[in-house]
Amino acid sequence: MKKLIIINGPNLNLLGKREPEIYGSQTFTEYLSEIKKKYMSLQIDYFQSNIEGELIDKLHEVGFNYDGIILNAAAYTHTSVGMGDAIKGIETPVVEVHISNTFGREAFRHQSYISPNAKGVILGFGLQSYELAIQSFLD
Ligand code: DQA
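From a predicted model like this one, the values you see are computed outputs, not experimental measurements.

Caption draft 1: Unusual backbone geometry, seen in detail. Of note, the phi angle at Glu19 is positive, near 35°, even though the residue is not glycine. Looking at the secondary structure, you find Glu19 in the loop between β1 (2-8) and α1 (20-23). Its identity as a non-glycine residue notwithstanding, Ala74 has a phi of 50°, on the positive side. Position of Ala74 among the secondary structure elements: in the loop between β3 (68-72) and α4 (81-89).

See the structure below:
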């Protein structure tokens, strides 16, 4: 069974409540249980943290024994050299996802320290961005 992990960065624990006009009104817990039911042939783990170092530690922990990492680094996407370096240092391919189309938003969201080291980038499809990323790991 393929082992994937979804890693969510800061403020994504507030999905469903946070700026619903941008991020939608569904909680990530609800969405994740739908996805797990739909892709029962995959192991899909989940980790969320608001703390940059914890996200880096998780990338190190899973980055040599998982088949794929689906990463929404949220605001750290635009600031974290450390997360970019972590992705460079691990073996598991990372697909970067964003719920919103970051290129249609403020200029500071156009910069990503994740993209240069990611296998691919999926953004702007709401929570469906995560499912599209999962599909990229199917045979
Ligand atoms: C986000 C976009 C980021 O710019 C923002 O800081 C987030 C969420 C997204 O999924 O659309 O927190 O990564």
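Caption draft 2: The site of the ligand, seen in detail. The full set of residues close to the ligand is Arg18, Tyr23, Asn72, Ala74, Ala75, His78, His98, Ile99, Ser100, Thr102 and Arg109. The separation between an oxygen atom of the ligand and a polar side-chain atom of Asn72 is 2.8 Å. Contact with the protein chains hides 98% of the accessible area of the ligand, taken as 320 Å² for the molecule alone. When the residues that make up the shell around the ligand are grouped by side-chain class, the tally is 4 nonpolar, 5 polar and 2 charged.

Caption draft 3: Seen up close, the nonpolar core. Ranked by internal contacts, the top residues of the largest apolar core, which has 23 residues, are Ile6, Phe28, Ile44, Ile70, Tyr130 and Ile134. Going through the elements one at a time, β1, α2 (28-38), β2 (42-48), β4 (94-98) and α5 (128-135) are the ones with two or more residues in this core. Ranked by the residues each element gives to this core, the list is headed by α2, at 4 residues. In this structure, Ile56, Val62, Ile69 and Ala86 belong to the second largest nonpolar core, which totals 18 residues.

Caption draft 4: Structural detail: the packing of aromatic side chains. Taken as a whole and judged by the stated rule, the model has 4 aromatic pairs. Here the aromatic rings of Phe28 and Tyr31 are separated by 5.8 Å at their centres, their planes lie at 55°, and the arrangement is tilted. Taken as a pair, Phe28 and Tyr31 lie in helix α2 at a separation of 3 residues, close to a single helical turn. With respect to class, Phe28 is no different from Tyr31; both count as buried. Where Tyr31 meets Tyr130, the ring centres are 6.2 Å apart and the plane angle is 55°; that geometry is what we call tilted. With Tyr31 in helix α2 and Tyr130 in helix α5, this pair connects stretches of sequence that are 99 residues apart. For Tyr130, a relative accessible area of 0% translates into the label buried.

Caption draft 5: Examining the pattern of salt bridges more closely. What the rule picks out here adds up to 6 salt bridges. One salt bridge in this structure joins Glu131 and Lys38, with 2.7 Å as the shortest N-O distance. Highlighted residues: Glu131 in helix α5 and Lys38 in helix α2, separated in sequence by 93 residues. Taking the relative accessible area as the measure of exposure, Glu131 reaches 11% and is therefore buried. Judged by relative accessible area, Lys38 falls into the exposed class, the value being 54%. A salt bridge links Asp85 to Lys88, with the shortest nitrogen-to-oxygen separation between them at 3.7 Å.

Calculation notes
- Every chain is numbered independently, its residues counted from 1 as its sequence is written.
- Local features in a predicted model are, by the rule used here, given only for residues with pLDDT of at least 70; side-chain atom pairs are given and counted only at 80 or more, and totals for whole chains, interfaces and linings are based on all residues.
- Hydrogens and waters are ignored; side-chain quantities use all the structure's heavy atoms.
- A run of DSSP states H or I qualifies as a helix once it reaches four residues; a run of E qualifies as a strand once it reaches two. Both are numbered from the N-terminal end.
- Being near a molecule or strand, for a residue, comes down to having at least one heavy atom within 4 Å of it.
- Side-chain atoms alone can form a polar contact between residues adjacent in sequence; in general such a contact is a pair of N or O atoms within 3.5 Å, and within protein one must be able to donate a hydrogen while the other accepts it.
- The accessible surface values rely on the Shrake-Rupley method and a 1.4 Å probe; as for residues, cover is taken only from the protein chains in view.
- Note on residue categories: nonpolar means Ala, Val, Leu, Ile, Met, Phe, Trp, Tyr, Cys or Pro, charged means Asp, Glu, Lys or Arg, and polar means any other residue, Gly included.
- To form a nonpolar core, buried Ala, Val, Leu, Ile, Met, Phe, Trp, Tyr and Cys residues must be joined to one another through side-chain atoms within 4.5 Å.
- Think of it in three bands: with a 1.4 Å probe and only protein chains considered, a residue is buried below 20% of the maximum accessible area for its type, exposed above 50%, and partly exposed in between.
- Pairing of aromatic rings covers Phe, Tyr and Trp, the last counted by its six-membered ring, and requires centre-to-centre distances within 6.5 Å; plane angles under 30 degrees mean stacked, over 60 mean edge-to-face, and any other angle means tilted.
- Here, a salt bridge means any side-chain nitrogen of Lys or Arg that lies within 4 Å of a carboxyl oxygen of Asp or Glu.

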